[in-house]
Structure formats: C-alpha cells, structure tokens
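Architecture and fold: a report
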Amino acid sequence: MTISKDLIEHLANLARLELTPAEKKKYLKDLSSILDYVEKIGQLGVKGDFVLFNAETTNIWRDDIKEGCPLEETKGIIQSFPDKEGDLLKVKGVF
Amino acid sequence: MNKTSIKQIHQDLLAKKISCEDLIKNYLNEIDKLDGQIKAFLEVFKDEALQEAKKVDLKIKNGEPLGTLEGIPVAIKDNLLYEGHLSSSGSKILENYVGSYTATAVKKLKEAGAIIIGRTNMDEFAMGSSTENSAYGVTRNPYDLKRVPGGSSGGSAAAVATNMSVLSLGSDTGGSIRQPAAFCGVVGLKPTYGAVSRFGLMAMSSSLDQIGPFANNVEDAQILFNVIKGKDKKDATSKDFQDKKNKTIAGLKIGLPKEYFAKGLDKKIEKNILQTLDLLKKAGAEIKEVSLPNTEHALAAYYLIMPAEVSSNLARFDGIRFGLSLDKEVENLAEVYKKSRAQGFGAEAKRRIMLGTFALSSGYFDAYYKKARQVQELIRQDFDNVFKEVDYLITPTTPTTAFKIGEKSSDPLEMYLSDIYTVSVNLAGLPAISVPNGMVEKLPVGLQIIGQHFDEHNLFSVAQYIEEINK
C-alpha cells in the first residue's frame, strides 16, 4: 500500500510523537514495506464472525472494595513525578 | 567456573563445601571478568546480593529450612519491576525510573530465597530480536562477540550462557525468550498464556506477553518455572493448574509441521533437528508429518496485533507521571507529550507505535486489525486440529543461527522474519521450550518443542530427554 506524507503526519499526531523530517521519510519507507508484507493476509478469505475471545474465556469478578495503596508505594509513585507541588502532580496547561 | 545446577549448589551449601557468600562472590567475579565484553547486565546489585548471601549462610548455620531457590543467583530482565531499583526496559524514557512495587514473578523468587543479582539488557520495551535496540548498548553473543545474542531477552540469555548467573527471567511476546535461548545455547521456556502472572511486567502486547525462565539445564528451568507459576489476583489472566498425567517417550506422538521445514530454513539446522528426531524415533516415539496451513500468515497477523497493543500500552509514557519529561521548555500539555515521547523512545519503538496507530485508525481497522484477529483464530484452530493427532510438535526454534551485529538492523522486515517459528505459539497462547541441540558452524542450535495449554510438566520431560540424548 502506498502511504502518503500526510498519513504519516496524521498518525504521528494521533500517537503524540514529534517526528523530524528525516524520521518522517524513514517511517514512510518502513511502513510501506511492512504493510506490503502484512497486506497478504487481506487476501485470505475468512468466513464467519470476528471472534474476539476464545471459548475458554470467562469473566472474573471481584467485590468492588477499595483496597488503597501502601504508604511506601504511594511515596514511590510521588517520587517519580517529574514535577510536583507538595504531594500534588504538577502539569502544564492544556492550551 | 563450571556450570552447575540448583540441586548441586544446595548440596554444596548444606555440606558446607562453600558458603553462600563465597558462591555469590564467585558469580560477581565472573561478571567482573566477562561482562565488560558481553554487556549482559545493565546493573549488578552487588552489595545487596552479598548481604542476602550472608543471611542465607546464617540460615544454614542455624539449621533453618531452605527455600526452593535459596541462595541461587537470578538475573532479571530490565522490564520487570523491583521495588526501590531502577527498571528502564532498555529505554531512555525510563532512564531514572525506580519501581514503586515488585513484580509478582520477582516477589515469588524472593520468597523462594533467590538472590537477585542484577538487571539485564534488552531491546527497548522488548521490541526486537537482537538486543540491538537497547538505549544502553548492544549485548554480545558469548559464542561469537561479533554476533547478536538474540532478543529481546538477550541480556538474560547471555548472562546464563556465560555462567554469570545460574538463572534468569525473560519475557516472550513473539519469541523473546526462545530465540535468544537458541542463539546462546541455553534452555528457555515461554509458558502457556496465563501460567505466570505478568503483574509488574511492563506490558508490550498484553494478549501475548508471558514471563519465563532461562537456565543451563531443563531441570533448573522447571524448578524456576514452578516457583513463578500460578494464579495472582493482580493479573486476571493468570490461573492455577494441575500437572497433566505423565507421558513416556515410548509411544509419544510427535508432529513435524511441514511448514516449519520449508524455504528459509538453514539446511544444516534442518539436518541437526532431523537427526534428533531420528533418535526419538529409535526410543519409541512416533514421528508424523503434520500441517499448520495458516503458518504463512502468522507473522503478518503478529505484526498487526502486536503493534496495535504496543501503541496502546506505550501511551502511558507521556512525560506526565513518571519517566522522561520535557515539561520545562514547552508551552502546553500536547507539547509535553510529543516532545517527551520523541526524545524518550528509540527508532523501533516509534516504528511500532506508528504501525499500531495505523492498524487501529479509522478506515484501516477492518482491513488490518480485524483481519489479523481472524487469522489468529485460524492459527489457534490449526494447533487444535494437530493436537488431536499428536502430543507435541517439534520444530527448529529459529531459521538460522545467531546473525551478525548490524546485519539486519537496517531492514526491519528482515529482522521480523527471524521470529517466524516462534510467533504462532504466542498467537495461540501455547507453551513452548527451546532446548540446545548441538552446534552448526560453532554456533548453538535451538530445538523448539510446542505443547498443549498448561502441559509444561510433560514439555519439560520431553526437553529433558532431548537434553540427555545430546550429552
């Protein structure tokens, strides 16, 4: 399948990836050749419905009870914040 | 230093032939001596390992009972969380990331008394077949330093192959345990989907990922597997299971899928595998050619399903809550995402995110992702059908022996083809083991045995038999 530069830019935006012009060129080439390879499954005549789960799969339920998070774990998570104010995660504005 | 076994180490420890501290020192010395060249480890937990060893010595002195893996050094792949330790998944985006909890598999190792000796190099987020995609350099094949150790668990395979550790853990999404095990001449098991909890394993492709053992012999691999297996309420796909009834080699029905002995397979590897099959036949096994007709579509389906899940799983690396964040130099939230991801991810991760985003995007979903899932179902059915006729399938693990560093890194498709004999197993959720099966041109060959769901127990028996033949 032929992939356009526009499609590459669209995908990069959906994936929240900033690509350099050189990367765009590279992924255009790579994706085209990979898709040429995977496209052969499109020729396969598959009958029947789209089976999403095999028959053995069953739902696993648990009670809806709050378990909380151990203090040490909470500390570890907060320590990993790139930016914070006190124990609060600090992020940039949306716009 | 000679390769040994868990049982032998325990005998020596109990007979006071060696202290656990000296044992661990010996392995740390091996790492000092060899890892400058091999580069299997990203970090060695030296002081901690020695501290733990002293505790084991105290236990022995006091006559306390020893755990299944007491005092045994185990290396863990860098995508497994270990509380208070760095886990980078071979990626720049997690360069300084410290786990806030421990993966269930690692926790079980610790509970069994194992000593975690270090974390091993891998392809970034387990994406690759050569360990060349790590942000922290290339691991080398112990048999030929110009060649790759395989991947993505290349560091874990090389660490065991060089006896820098007795055991290691890896993860296998499309062959990432079996292929490096084959390239490095060690035993590697990809367990049944659901046999081992993935809680604390950084997800690559959640419907395919499994954690599994590397060891220098089948018995040790089985001991390690038995420690990590079983239900964990923190992974809903995991479950407890009973060992199936023992089977014997005499009367065993072994299938040879003809699609795995076709174009692309190195003739010398084919000969090597067929020789072993002859020996199995002499031992009373029945060898039968079988067909898995949808094999030719497996890799294509895999390279749609896996990147689709990768693009979702890697969305969590957004520069907001942890990992690399470029939030200082930018204007708004979208810029934080885009720039952090652009700088944090390597080329293969970006390629697969792009491919997965494509497969899931509006207008292409039906033609690609949905089709791939249908093919996955056909592949499952292929295996179900042959397992009505035979007990096991035997194939080469890889079409070639270890390739040269750089040989396939410029052509992603060429690299993907090295997983051709391993991906179907993940798509069908089956267990498979790679056992060393001699050498071709001074490089190890791996023989893959594929079993039925949750029949690891008998899979190990067949593997052990093959190990015996090869002695």
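Structural notes, computed from the coordinates. (Residues numbered from 1 in each chain as written. Chains lettered and ligands numbered in written order. Predicted model: local features only at pLDDT ≥ 70, side-chain atom pairs only at ≥ 80, totals over all residues.)

**Digging into the overall build of chain B**
For the record, the criterion: Only DSSP runs of H or I with at least four residues qualify as helices, and only runs of E with at least two residues qualify as strands; both kinds are numbered from the N terminus onward. Each radius of gyration is computed over the set of C-alpha atoms, and the globule rule expresses the reference value as 2.2 Å times the number of residues to the power 0.38. Buried, partly exposed and exposed are defined by the number of other C-beta atoms within 10 Å of a residue's own C-beta, namely 20 or more, between the two limits, and 12 or fewer respectively, with C-beta atoms placed from the backbone. Any residue pair is listed as a contact if its two C-beta atoms, each placed from the backbone, are within 7 Å.
Within chain B one finds 15 helices and 11 strands. Since a compact globule built from 471 residues should have a radius of gyration of about 23 Å, the 21 Å found for chain B is in line with a globular shape. Taking the principal axes of its C-alpha atoms as reference, chain B extends roughly 65 × 55 × 45 Å. Within chain B, the proportion of its 471 residues that are buried is 59%. Considering only contacts within chain B whose residues lie at least 6 apart along the sequence, 75% involve residues at least 24 apart.

**Description of the overall build of chain A**
Counting its secondary structure elements, chain A contains 3 helices and 2 strands. Starting at the N terminus, the α and β elements of chain A follow one another as α-α-α-β-β. Residue burial in chain A is summarised as follows: out of 95 residues, 15% are buried.

**Considerations on the interface of chain B and chain A**
What counts, and what does not: All residues other than Ala, Val, Leu, Ile, Met, Phe, Trp, Tyr, Cys, Pro, Asp, Glu, Lys and Arg, Gly among them, are scored as polar; the first ten of these are nonpolar and the last four charged.
Listed per partner, the contact involves 45 residues of chain B and 37 residues of chain A. Of all the elements in the fold, those that place two or more residues in the side of chain B that touches chain A are α9 (295-313), α10 (333-344), α11 (347-360), α12 (366-386) and α13 (412-416) of chain B. The element that contributes the greatest number of residues to the side of chain B that touches chain A is α12 of chain B, accounting for 9 residues. Classifying every residue of the side of chain B that touches chain A by side-chain character gives 24 nonpolar, 9 polar and 12 charged.

**Points about the sheet that holds strand β2 (residues 73-77) of chain B**
Residues and elements named next belong to chain B. Our working definition: Paired strands, in this sense, are two strands between which DSSP finds at least two bridges. Lines fitted to the C-alpha atoms define the axes, with helices restricted to the stretch that makes contact. Angles between their N-to-C directions range from 0 to 180 degrees.
In space, the 11 strands of this open sheet follow the order β1-β3-β2-β4-β6-β5-β10-β11-β9-β7-β8, with mixed pairing throughout. Every interior strand has two partners, whereas the edge strands, β1 (41-44) and β8 (286-290), have only one. Sheet twist, expressed as the average angle between the axes of neighbouring strands with direction ignored, equals 30 degrees. Here 5 bridges tie β2 to strand β3 (residues 115-120), and the two strands are oriented parallel to one another. Within β3, the residue paired with Lys-77 across the bridge is Thr-120. Each of β4 (167-172), β5 (187-190), β6 (210-215) and β10 (432-440) touches helix α7 (residues 218-228); the most contacted strand, β6, lies at about 150 degrees to it.

**Description of unusual backbone geometry**
All names here are of chain B. A cis amide bond links Gly-151 to the next residue, Ser-152, at an omega of 10 degrees. Relative to the assigned elements, Ser-152 resides in the loop between β3 and α5 (154-161). Positioned with a positive phi, Ala-126 is a non-glycine residue whose angle comes to about 65 degrees. Here Ala-126 lies in the loop between β3 and α5. The exposure class assigned to Ala-126 is buried, which follows from the 28 C-beta atoms found within 10 Å.

**Points about the pairing of strand β7 (residues 253-257) of chain B**
Residue and element names in this part refer to chain B. Rules: By convention, orient the strands away from the viewer: a clockwise path from the first strand over the helix to the second makes the crossover right-handed.
Here β7 pairs with β8 via 5 bridges, running parallel. Residue pairing for β8: Lys-253 is matched across the bridge by Glu-286. In this view, the connection linking β7 to its parallel neighbour β8 by way of helix α8 (residues 267-282) has right-handed handedness.

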